[in-house]
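Chain by chain, the residues:
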Amino acid sequence: MSCENWQERIAEQIDGEFSSQVKTHLDACPDCAGLVEELDNDRLALATAPPDAAHADYTAMRRQIRSAILHERRLRRYAPAMAAAAAAILAIALIHPRTQPALRPPQPIQHARTQAATAAMPAAPVHVPPRRHIRQVVTPPIDLALLRKVTGQQTVPDTGSESPVEMQIATGNPNVTIILLQAKEGSYE
Amino acid sequence: VADLLAGTILMAQNGWSEPELLAAARQDNVDAFEYLVALHERRIYALALRISGNREDAKDAMREAFLRLHRHLGQIDSDAAIGPWLCAVVVNACRDIGRTKRRARLVPMEGGPDSRPDPAAGPEQMAAAHERERHLQAALRRLPETERAALLLREMEGLSTREVASALGSSETTVRSQISRARLRLRNLFKERFGGLR
């Protein structure tokens, strides 16, 4: 085994008891025996406190530590109150926006007629074109004699088997429907 | 400060043991904790000084170690000595401070600590101690971080292999190897850089 290998063993066992093999080698090798002395000196130097450690201001350091501990203790003491305050602020922040007008759901667009009636409003009325759709319904044959009697009109011709035409015009107002009745298609009666 | 000194002196006179101080500190007795600090501060500061290489970092690391001790008073085994626990914490604190400084590009200069001479010693002794420490710090700075910590925990604090392994979060086999390797590297560094100085 080379001295390099022996030195590894020496460095490992320097703070304890050398094995019998190492002792035998040390007796025979002055270089490795010298290393033992050097390593002992290094260990002594390391174990000696650095000069600066003997003259540090430990009182000031202790004062800083004490101050930091008292500060942490104060924080711990007030932590529940601070947590409660934070929770209250959070709760207010969550509830408060619901009372703000700006965050209300948008109002439905009012009918043009309703808006026009509110002339006091400074904003221009919103024109909503009435929705119209026309559907043509062919009604079953009606009794014209009964119709003349009800309407008091005598000009309603007797169209025989021709069916009258009814036109229903739906407006935007679901309560209003315009109904046009024609005696027959092409007639204006 | 007067109250602190009075409390510390009172506890010293009463001969409180470390477990008793620990128990009192757990009951929010700041004076008892202060005395615990006084018991360990010199060793912890010296270790921090060797690991970090400068006074300010060592002070910060020591303060952090004792603050962590105070925060974890309830978790420390009453029967176990707090010395090894503090050593582990101060090693980690030095490591954290070193990383922060490296990020901030404030790496301490290689060449040794900013140690002050001992005013009580003679001029020659002061110069020799200062020179020896400067060389030692320069060599320590060149060791890998973990090897340096393992070596210092063993040689300065006398921790067992198991305690060093626990402090560094490593295995005993690894620590044994790191310590012996660090001893040889340190020796070779002295030979290479300083020749016959040591």
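Residues numbered from 1 in each chain as written. Chains lettered and ligands numbered in written order. Predicted model: local features only at pLDDT ≥ 70, side-chain atom pairs only at ≥ 80, totals over all residues. Heavy atoms only, no water.

1. Thoughts on the overall build of chain A
Looking only at helices and strands, chain A features 7 helices and 3 strands. In chain A, the succession of α and β elements from N to C terminus is α-α-α-α-α-α-β-α-β-β. Counting all 189 residues of chain A, 25% fall into the buried class. Look at the contacts in chain A between residues 6 or more apart in sequence, and 37% of them connect residues 24 or more apart. As displayed, chain A has an accessible area near 13,700 Å², and 59% of this comes from carbon and sulfur atoms. (Helix = DSSP H or I, 4+ residues; strand = E, 2+ residues; numbered from the N terminus. Buried < 20%, exposed > 50% of the residue type's maximum accessible area, 1.4 Å probe, protein only. Contact = heavy atoms within 4.5 Å. Areas by Shrake-Rupley, 256 points an atom, 1.4 Å probe, with all protein chains shown as cover.)

2. Concerning the state of the cysteines
Residue and element names in this part refer to chain A. Under the counting rule described, the total for this entry stands at 0 disulfides over all chains. Take Cys29: it sits in no disulfide, and the sulfur closest to it among the cysteines is that of Cys3, at 3.6 Å. Look at Cys29 and you get buried, because its relative accessible area is 10%. Free of any disulfide, Cys32 has its nearest neighbouring cysteine sulfur in Cys29, separated by 3.6 Å. (Disulfide = S-S within 2.5 Å.)

3. Digging into the packing of aromatic side chains
Counting across every chain of the model gives 1 aromatic pair over all chains. A centroid spacing of 5.8 Å and a plane angle of 85 degrees characterise the contact between Tyr58 of chain A and Tyr45 of chain B, whose relative ring orientation is edge-to-face. Taken together, the residues Tyr58 of chain A in helix H5 (residues 58-95) and Tyr45 of chain B in helix H3 (residues 30-52) connect one chain to another. Of the two residues, Tyr58 of chain A and Tyr45 of chain B, neither departs from the other in class, the shared state being buried. (Phe/Tyr/Trp six-rings, centres within 6.5 Å; stacked < 30°, edge-to-face > 60°.)

4. A closer look at the pattern of salt bridges
In this structure the tally under the stated criterion is 27 salt bridges over all chains. Residue Glu172 of chain B pairs with Arg162 of chain B through a salt bridge whose shortest N-O separation is 3.5 Å. Of this pair, Glu172 of chain B sits in helix H9 (residues 172-194) while Arg162 of chain B sits in helix H8 (residues 161-168), and the two are 10 residues apart along the sequence. In this structure, a network of salt bridges that share partners links the residues Asp15 and Arg43 of chain A together with Arg154, Glu155 and Arg183 of chain B. (Salt bridge = Lys/Arg side-chain N within 4 Å of Asp/Glu carboxyl O.)

5. Topic: the nonpolar core
With 65 residues, the main nonpolar core has Phe33, Tyr45, Phe66, Leu153 and Leu186 of chain B as its most contacted residues. Per-element accounting of this core gives the leading share, 12 residues, to H3 of chain B. The contacts of Phe66 of chain B, once residues within four sequence positions are left out, are Ile65 of chain A together with Phe33, Val37, His40, Glu41, Ile44 and Leu86 of chain B. (Core = buried A, V, L, I, M, F, W, Y, C linked by side-chain atoms within 4.5 Å.)

6. A closer look at the interface of chain A and chain B
Across the contact, 37 residues belong to chain A and 46 residues belong to chain B. The contact between chain A and chain B buries some 3,900 Å² in all, and 62% of this surface belongs to carbon and sulfur atoms. Linking chain A with chain B are 14 residue pairs in polar contact (both at pLDDT 80 or more). The greatest single-element share of the side of chain A that touches chain B, amounting to 13 residues, is contributed by H5 of chain A. By residue class, the composition of the side of chain A that touches chain B is 19 nonpolar, 5 polar and 13 charged. (Buried area = accessible area lost by both parts, 1.4 Å probe. Polar contact = N/O pair within 3.5 Å; in protein donor to acceptor, adjacent residues only side chain to side chain. Nonpolar A, V, L, I, M, F, W, Y, C, P; charged D, E, K, R; others polar.)

7. Thoughts on the environment of Arg193 of chain B
Residue position: Arg193 of chain B is located in helix H9. For the pair Arg193 of chain B and His135 of chain B, spaced 58 residues apart in sequence, the C-alpha to C-alpha distance is 9.0 Å.

8. Let's talk about H8 of chain B
Residue and element names in this part refer to chain B. If you check which residues of H8 are buried, you get Thr161, Val164, Ala165, Ala167 and Leu168. Along H8, the residues classed as buried sweep out an arc of 165 degrees about the axis, all on the same side. In H8, those exposed residues whose orientation departs by more than 90 degrees from the buried face are Arg162 and Ser166. Phi turns positive one or two residues past the end of H8, at Gly169, with a value near 65 degrees. (Arc of directions from axis to C-beta.)

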